[in-house]
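# Geometric and topological summary
One-letter residues, chain by chain:
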Amino acid sequence: MPRPVTIFTGQWADLPIEEMAAMTADFGYDGIELACWGDHFEVDKALAEDDYCEKKHALLAKHNLQCHAISAHLVGQAVLDNIDERHKAILPDYVWGDGKPEGVNDRAIEELKNTARAAQKFGVDVVNGFTGSSIWHLLYSFPPVSPQMIDAGFDLLAERFNPILDVFGECGVRFALEVHPTEIAFDIYTAQRALEALDNRPEFGFNFDPSHLIWQGIDPVQFIRMFPDRIYHVHIKDAIVTLDGRSGINASHLNFGDSRRGWDFRSPGRGGVNFEEIIRALNEIDYQGPLSIEWEDSGMERTFGAREACEFTKKLDFSPSNRAFDAAFDEEND
């Protein structure tokens, strides 16, 4: 049976959820991955209002939409990050507060715990998101970075996320980190180290997104095969490397959509990701969850792109075979 094709609403939070739900259905999607910002899924209201989740389900049912996950990328970023003025733009006012870094970190931790409680109340068992990182700025080791400084970053992950994951466990909800630059885990080896720092506890896994791996030179299929039991959710998102002899892979402080960048995001099927091999790898690990399109392409009108991406993904997906292709030869010889 084909996996449900959903759309992540993070890049559409400028639209009211009523409008977004109607558009999602019109585009042809089976479901929707609700972002925990805008009015798409409000954690505080979900916990405070008895009928909030019921009303949200009624809206989705009106448009025949499933929901398998909610996503807390923005507040998750503030759990481990060294807080600065950038975070004010992505956090709810009640998490930002007075902006003092320690308080922001503390309130983000509590909000992520509450997100698990809200997910349980809403009836989904996966929360996608970010962790942030206190050591991302140490990526290039000059001035020289000691191993102890990197160790401290993963120790902080354990210190701050274990209590969060305790609540996730109590709620029967899993946290799926989107492995991504600026997070504590941004490639295969840091993902492995993050799991080890958290003693491989089952509440912590990954929201697989190939677009953040391919431009780093990592084969996304190898990520799936490295962590077959930790792929809790999947984003369908594409990217392309555009190095031309002048551009650099670090993107030169140029914004997305600038043709001088060394890489950029693309609508699914229009970049460099080999989605055929990804589907085959997902079949190998028996992943049955949604294929959720996170649509980003600065060079394409988004409603055209989202509709095309839905059609592309539905055509792309296929089930594994339940028999060997040459079994008929054996049957003929019996």
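Because the structure is a prediction, the values reported are computed rather than measured.

About the cut-offs
Residues numbered from 1 in each chain as written. Predicted model: local features only at pLDDT ≥ 70, side-chain atom pairs only at ≥ 80, totals over all residues. Heavy atoms only, no water. Helix = DSSP H or I, 4+ residues; strand = E, 2+ residues; numbered from the N terminus. Rg over C-alpha atoms; globule rule 2.2 N^0.38 Å. Buried < 20%, exposed > 50% of the residue type's maximum accessible area, 1.4 Å probe, protein only. Contact = heavy atoms within 4.5 Å. Salt bridge = Lys/Arg side-chain N within 4 Å of Asp/Glu carboxyl O. Pairing = 2+ DSSP bridges. Axes fitted to C-alpha atoms, helices over the stretch in contact; angles between N-to-C directions. Core = buried A, V, L, I, M, F, W, Y, C linked by side-chain atoms within 4.5 Å. UniProt positions renumbered as here; feature names shortened; annotations may be inferred. Phe/Tyr/Trp six-rings, centres within 6.5 Å; stacked < 30°, edge-to-face > 60°. Lys NZ or Arg CZ within 6 Å of the ring centre and 35° of its normal. Polar contact = N/O pair within 3.5 Å; in protein donor to acceptor, adjacent residues only side chain to side chain. pLDDT = per-residue confidence, 0-100. Parallel < 35°, antiparallel > 145°, perpendicular 65-115°, else oblique. Left-handed = near helix turned anticlockwise from the far one by under 90°. Nonpolar A, V, L, I, M, F, W, Y, C, P; charged D, E, K, R; others polar.

## Some details on the overall build of the chain
- A count of helices and strands for the chain gives 13 helices and ten strands.
- Taking 20 Å as the expected radius of gyration for a compact globule of 334 residues, we find that the chain reaches 20 Å, a close match to that expectation.
- Expressed as lengths along the three principal axes of its C-alpha atoms, the size of the chain is roughly 75 × 55 × 40 Å.
- By residue count, 53% of the 334 residues in the chain fall in the buried class.
- For the chain, the share of sequence-separated contacts (at least 6 apart) that also reach a separation of at least 24 residues comes to 77%.

## A closer look at the pattern of salt bridges
- Taken as a whole, this structure holds 18 salt bridges when the rule is applied.
- Asp84 is the partner of Arg86 in a salt bridge, and the nearest nitrogen-oxygen pair spans 2.9 Å.
- You can call Asp84 partly exposed: its relative accessible area is 29%.
- For the salt bridge of Asp151 with Arg193, the shortest nitrogen-to-oxygen distance reads 2.3 Å. In this pair, Asp151 sits in helix α7 (residues 147-171) while Arg193 sits in helix α8 (residues 188-197), placing the two residues 42 residues apart along the sequence.
- Linked by salt bridges that have partners in common, Asp166, Arg201 and Glu203 make up one network.

## Concerning the sheet that holds strand β10 (residues 291-293)
- With parallel pairing, the eight strands of this closed barrel are ordered in space as β1-β2-β3-β4-β5-β6-β7-β10. Each adjacent strand pair in this sheet contributes to an overall mean axis angle of 30°, direction not counted.
- Pairing of strand β4 (residues 126-129) with strand β5 (residues 174-177), which is carried by four bridges, proceeds in the parallel orientation. Paired with Gly129 across the two strands is Leu177, which belongs to β5.

## Observations regarding unusual backbone geometry
- A cis amide bond, omega -5°, links Phe142 with the succeeding residue Pro143.
- As for its position among the elements, Pro143 is in the loop between β4 and α7.
- At Asp286, a position not held by glycine, the phi torsion is positive, near 60°.
- Along the polypeptide, Asp286 turns up in the loop between α11 (275-284) and β10.

## Concerning the nonpolar core
- With 98 residues, the main nonpolar core has Phe41, Phe161 and Phe223 as its most contacted residues.
- A total of nine residues in this core trace back to one element, the largest contributor, which is α7.

## So, the UniProt feature "domain: Xylose isomerase-like TIM barrel" (unreviewed entry) in the chain
- Under the UniProt annotation, the feature "domain: Xylose isomerase-like TIM barrel" (unreviewed entry) is placed at residues 24-315.
- Secondary structure content for residues 24-315 is 43% helix and 13% strand, and the end C-alpha separation is 17 Å.

## Quick look at the packing of aromatic side chains
- Applying the stated criterion to the full structure yields 19 aromatic pairs.
- The interplanar angle of 5° and the centroid separation of 4.3 Å between the aromatic rings of Trp215 and Trp263 together place this pair among those described as stacked. Residue Trp215 is located in the loop between α9 (211-214) and α10 (220-226), and its partner Trp263 is located in strand β9 (residues 263-266); the two are separated by 48 residues in the primary sequence.
- The rings of Phe161, Phe168, Phe175, Phe204, Phe206, Phe208, Phe223 and Phe227 are connected pair by pair, giving a single aromatic cluster.
- Note that Lys237 overlies the ring of Phe265, its terminal NZ or CZ placed 3.7 Å from the centroid.
- Arg261 extends its terminal NZ or CZ atom over the ring of Trp263, reaching a point 4.8 Å from the ring centre.

## Observations concerning the side chain of His233
- Structurally, His233 can be placed in strand β7 (residues 231-236).
- Here the side chain of His233 touches Asn207 through a polar contact of 2.9 Å, side chain to side chain.

## Focus on the confidence of the model for the chain
- Per-chain confidence: the chain averages 96 in pLDDT, with 96% of residues scoring 70 or above.
- In the model of the chain, helix α13 (residues 327-333) stands out as the element of lowest mean pLDDT, 63, in contrast to β5, which has the highest, 99.

## Overview of the packing of helix α6 (residues 101-122) against α7
- The contact between α6 and α7 brings their axes to 8 Å, and the two run at 15°. The angle between α6 and α7 places the two elements in the roughly parallel class. Crossing of α6 against α7: the hand is right-handed. When α6 is examined against α7, the residues Asn105, Ile109, Leu112, Lys113, Ala116, Arg117 and Gln120 are found in contact with a partner set consisting of Arg160, Phe161, Pro163, Ile164, Val167, Phe168, Glu170 and Cys171.
- Residues of the contact of α6 with α7, tallied by class, amount to nine nonpolar, two polar and four charged.

## Observations concerning the pairing of strand β1 (residues 5-8)
- Here β1 shows two buried faces, one formed by Val5 and Ile7 and the other by Thr6 and Phe8.
- By the bridge criterion, three bridges tie β1 to β10 in an arrangement that is parallel. Residue pairing for β10: Val5 is matched across the bridge by Leu291.
- Direction of pairing for β1 relative to strand β2 (residues 31-35): parallel, over a ladder of three bridges. Its bridge partner lying in β2, Thr6 is registered against Gly31.

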